[in-house]
Amino acid sequence: MKRVSILGATGSVGQNTIDLIARAPGTYDVVALTGGRNIARLAADAVALGADVAVTADEALLPDLRDALAGTNIEAAAGAQALVEAASRPAHWVMSAIVGAAGLAPGLAALEAGATLALANKESLVTAGPLMMRTARTNRATILPVDSEHSAVFQALVGEDAAAVSRVILTASGGAFRDWPLDQLQSATVAEASSHPNWDMGQRITIDSASMFNKALEMIEAREFFGLAPSQIEVLVHPQSLVHALVGFCDGALMAHVGPPDMRHAIGYALNWPQRQALPVEVLDLAAVGTLEFRPPDPARYPALRLARGVMEARGLAGAIFNAAKERALDHFIAGHIGFTDMNIVVEEVLNALTDTPDARNSDLTLDVVAHMDHLAREHADTVVAERTNQG
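Please read all numbers here as calculations on a predicted model, not as lab measurements. (Residues numbered from 1 in each chain as written. Predicted model: local features only at pLDDT ≥ 70, side-chain atom pairs only at ≥ 80, totals over all residues. Heavy atoms only, no water.)

Colleague: Would you take a moment to explain unusual backbone geometry for this structure?
Modeller: Most peptide bonds adopt trans geometry, and most residues besides glycine take a negative phi value. Pro274 follows Trp273 through a cis peptide bond whose omega is 10°. Secondary-structure assignment places Pro274 in the loop between helix H11 (263-272) and helix H12 (286-289). One non-glycine residue with positive phi stands out, namely Arg140, at about 55°. Phi at Ser241 is positive, roughly 55°, even though this residue is not glycine. (Helix = DSSP H or I, 4+ residues; strand = E, 2+ residues; numbered from the N terminus.)

Colleague: Hey, could you run me through the sheet that holds strand E4 (residues 75-78) in this one?
Modeller: The pairing of strands in a sheet happens through backbone hydrogen bonds and is either parallel or antiparallel. Ordered by their spatial adjacency, 7 strands build an open sheet running E4-E3-E2-E1-E5-E6-E7, and the pairing between neighbours is parallel. Taken across any chain shown, the strands that pair with only one partner, and hence form the sheet edges, are E4 and strand E7 (142-145). Neighbour to neighbour, the strand axes of the sheet diverge by 20° on average, direction disregarded. Of the pairings in the sheet, the one linking strand E6 (residues 116-119) to E7 comprises 4 bridges and is parallel in character. Residue pairing across strands places Leu117 opposite Ile143, the latter belonging to E7. (Pairing = 2+ DSSP bridges. Axes fitted to C-alpha atoms, helices over the stretch in contact; angles between N-to-C directions.)

Colleague: Is there a simple way to think about the nonpolar core in this case?
Modeller: Soluble globular proteins tend to pack their nonpolar side chains together in the buried interior. Of all hydrophobic cores here, the largest spans 132 residues; its most connected members are Leu33, Met95, Met132, Phe322, Phe340, Met343 and Val350. Ranked by residues supplied to this core, first place goes to helix H14 (residues 318-334) with 9 residues. Beyond its immediate stretch of four places on either side in the chain, Met95 contacts Ser5, Ile6, Leu7, Val13, Thr17, Ala118, Ala120, Val146 and Ile267. (Core = buried A, V, L, I, M, F, W, Y, C linked by side-chain atoms within 4.5 Å. Buried < 20%, exposed > 50% of the residue type's maximum accessible area, 1.4 Å probe, protein only. Contact = heavy atoms within 4.5 Å.)

Colleague: Any chance you could explain the layout of surface pockets here in plain terms?
Modeller: Think of a ball as big as a water molecule: rolled over the atoms, this probe shows where empty space is left. Quantified by volume, the second largest pocket comes out at close to 330 Å³. Lining of the second largest pocket is provided by 15 residues; of these, Ala101, Ala102, Leu104, Ala105 and Pro106 occupy positions nearest its centre. The element best represented in the lining of the second largest pocket is helix H16 (residues 367-391), accounting for 5 residues. Each residue belonging to the lining of the second largest pocket can be placed in one class, and the counts come to 11 nonpolar, 2 polar and 2 charged. (1 Å grid on protein atoms, 1.4 Å probe; cavity = no way out; pocket = protein on both sides within 12 Å on 5 of 7 lines; lining within 4 Å. Points joined across faces, edges and corners; volume = space filled by probe spheres on them. Nonpolar A, V, L, I, M, F, W, Y, C, P; charged D, E, K, R; others polar.)

Colleague: I tried to follow the side chain of Glu123 on my own but got confused; where do I start?
Modeller: Its place among the elements puts Glu123 in helix H6 (residues 123-138). Engagement of the side chain of Glu123 in a polar contact is seen with the side chain of Asn121, the distance being 3.1 Å. Each residue touching Glu123, except ones within four places of it in the same chain, is listed here: Gly100, Ala101, Ala128, Leu217, Asn323 and Glu327. (Polar contact = N/O pair within 3.5 Å; in protein donor to acceptor, adjacent residues only side chain to side chain.)

Colleague: Which parts of the structure should I look at to understand the environment of Asp19?
Modeller: Summarising the element assignment, Asp19 is placed in helix H1 (residues 12-22). Spatially, the C-alpha atom of Asp19 lies 36 Å from that of Arg309, the residues being 290 residues apart in sequence. Not counting residues within four places of it along the chain, the set of residues in contact with Asp19 comprises Arg264 and Pro280. Of the polar contacts made by the side chain of Asp19, one reaches the side chain of Arg264; its length is 3.1 Å.

What follows is the structure, encoded as structure tokens:
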């Protein structure tokens, strides 16, 4: 049986992964499940799948997890170090679906153990792409993309010469506010930003889709994973979310990956790679679809894309700065401290302040160095928000 672990099991990607595994009894041996504060869900899934260990990121919830697993043989653990230990346990395949920079250390631990890492945590490559890729090479581990866009590019490149690639086009739904008047964006509420027109995702990634910060992260991720030049990476708004990405070749050909907006497609491809298996996803009726719509992203509506291009050019620790500032700006928006469009302003101010500092130019890219820059960027983002709040 294939030994698998799911990091971030209680989130949307984790739950879709569990759905696929549960549909194939006797195929998988579940080693570890990790989650956040949803202890009831984490414990129920651990029991249903017969996991060896269940881990919550919140140490204060360890007693609750132990109580929920009482009478089973499933080990309970909690905290950041426990997440890393769970990721290190021998497994053939590990889903990395922890949200945010918190997913970096466990993902690296899985690679160091030589596992195939199914990477849904885009922040890992954004903050420490060279470190992730180097760790995979050193330990003969494999990284498979799980973001629908990067999975689409990966699939389009099968059997192709990477040197023949001229451009990669990542598609974006445009999020909740793609058709809103620009002058109304600042007053958008958290509830409005948390409703996605096409995908069923968690709150934070849904808001990131509305601001296009999610796509900005994916641009940086594509640059790191596929070794592309920034000029080769394009973004198109595609409201139907059926074409997930296109790869352009030197002869003018475009290879498109088309499928329903269902995360189980990319997850299933990574789970079964290098083979394909039948998946419980919709079969598209292209005649019913009729027309596919594309349009360029509005720079005034989505400043995050411009910021991402600057990060790709700067490289180094610029990605760690960008991601940390984005995460803290999102925290402050959800808490009601700043408006929707203020998130772009906060991130840009942090990038301007920190990208050209000696700390950011540190070429010794280690987990500790990335964590230090992450901390500095979060602190500076909090300062920027405090100053804006006081001015207001």
